[in-house]
Amino acid sequence: MACCPFHDDKHPSMKVDRRFHCFGCQADGDVIDFTARLFGLNKKEAALKLAEDFSVSYDAKGHDPPRRRPVKRKISEELRYRQAEQKCFRVLCDYLHLLERWEKEYAPQMLEEAWHPLFVEALQKKPYTEYLLDILLSGSMEERASVVAEYGKEVRKIERRISEFTASHPAGRHERSRSLSAGAER
């Protein structure tokens, strides 16, 4: 049951299944009747509207003049650039957060301890990643475009690196050490 859109319905009075029927105003019909009444169209216009809205092909079989098929709009260069810039920014942000995490989690605990490769990567890559993000946030249009153009391949590599790392390391070092210490207490 639903509130009827064809009269001032305060309480649901319309049933909808293959057909609709309102027990209040007696509106009744199929999906084409419903669409025609709702949008003030004739039945043919309602059928065409439904076909267009739900991407159903319509064959007029010679009864109507041929309709122009909608042409898929090409993505404008500006939109393509914006999407590339947003992706670049998102990937670099994700990488920066991962580097910050590695810097904390994999920092040596003792002076003689060997440096973990992820800690080294964090120390090496974090300042440059922050620099690129600063340009994307506050640089001129030319500077931002330069970052997007010059580091497109590198950003894809970083994205793969993040995916591979998160797939192979679901828990951080602290979660692992907590689970190991919890197991030792048992």
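Cut-offs and rules
Residues numbered from 1 in each chain as written. Predicted model: local features only at pLDDT ≥ 70, side-chain atom pairs only at ≥ 80, totals over all residues. Heavy atoms only, no water. Helix = DSSP H or I, 4+ residues; strand = E, 2+ residues; numbered from the N terminus. Buried < 20%, exposed > 50% of the residue type's maximum accessible area, 1.4 Å probe, protein only. Contact = heavy atoms within 4.5 Å. Areas by Shrake-Rupley, 256 points an atom, 1.4 Å probe, with all protein chains shown as cover. Phe/Tyr/Trp six-rings, centres within 6.5 Å; stacked < 30°, edge-to-face > 60°. Patch = residues over 30% accessible without salt bridge, like charges linked within 9 Å, V, L, I, M, F, W, Y side chains within 5 Å. Salt bridge = Lys/Arg side-chain N within 4 Å of Asp/Glu carboxyl O. Lys, Arg positive; Asp, Glu negative; His and termini not counted. Charge placed at Lys NZ, Arg CZ, Asp CG, Glu CD.

Visitor: Let's hear about the overall build of the chain: which residues, and what values?
Guide: Helix and strand counts for the chain come out as 7 helices and 3 strands. What you see in the chain, going N to C, is helices and strands ordered as β-β-β-α-α-α-α-α-α-α. Relative to its full complement of 186 residues, the chain shows a buried share of 27%. Long-range pairs, those at least 24 residues apart, make up 40% of the contacts in the chain between residues at least 6 apart in sequence. Accessible surface, the chain as shown: approximately 14,100 Å² in total, 55% of it carbon and sulfur.

Visitor: Residue-level account of the packing of aromatic side chains, with values.
Guide: The full count for this structure, using the stated rule, is 7 aromatic pairs. A ring pair is formed by Phe-6 and Phe-20, whose centres lie 6.0 Å apart and whose planes are at 45 degrees; its orientation type is tilted. Of this pair, Phe-6 sits in the segment before β1 (14-16) while Phe-20 sits in strand β2 (residues 20-22), placing them 14 residues apart in sequence. For the pair formed by Phe-6 and Phe-20, the shared burial category is buried.

Visitor: Just give me the short version of a positive patch on the surface, but keep the residues and values in it.
Guide: Together, Lys-153, Arg-156, Lys-157 and Arg-160 make up a region of like positive charge exposed at the surface. Overall, the relative accessible area of 55% leaves Lys-157 in the exposed class.

Visitor: Please set out the pattern of salt bridges residue by residue, giving values where relevant.
Guide: The final tally for this structure, using the stated rule, is 12 salt bridges. For the salt bridge of Asp-17 with Lys-15, the shortest nitrogen-to-oxygen distance reads 3.3 Å. Asp-17 sits in the exposed class, given a relative accessible area of 53%. The partner of Arg-101 in a salt bridge is Glu-105, with the nearest N and O atoms 3.3 Å apart. You can see Arg-101 and its partner Glu-105 sitting in helix α3 (residues 77-105), 4 residues apart, about one turn around the helix. Residue class for Arg-101 comes out partly exposed when judged on its relative accessible area of 26%. Owing to a relative accessible area of 8%, Glu-105 belongs among the buried residues under this scheme. One network of salt bridges, with partners in common, ties together Lys-87, Arg-90 and Glu-159.

Any link to function would need more than the numbers given here.
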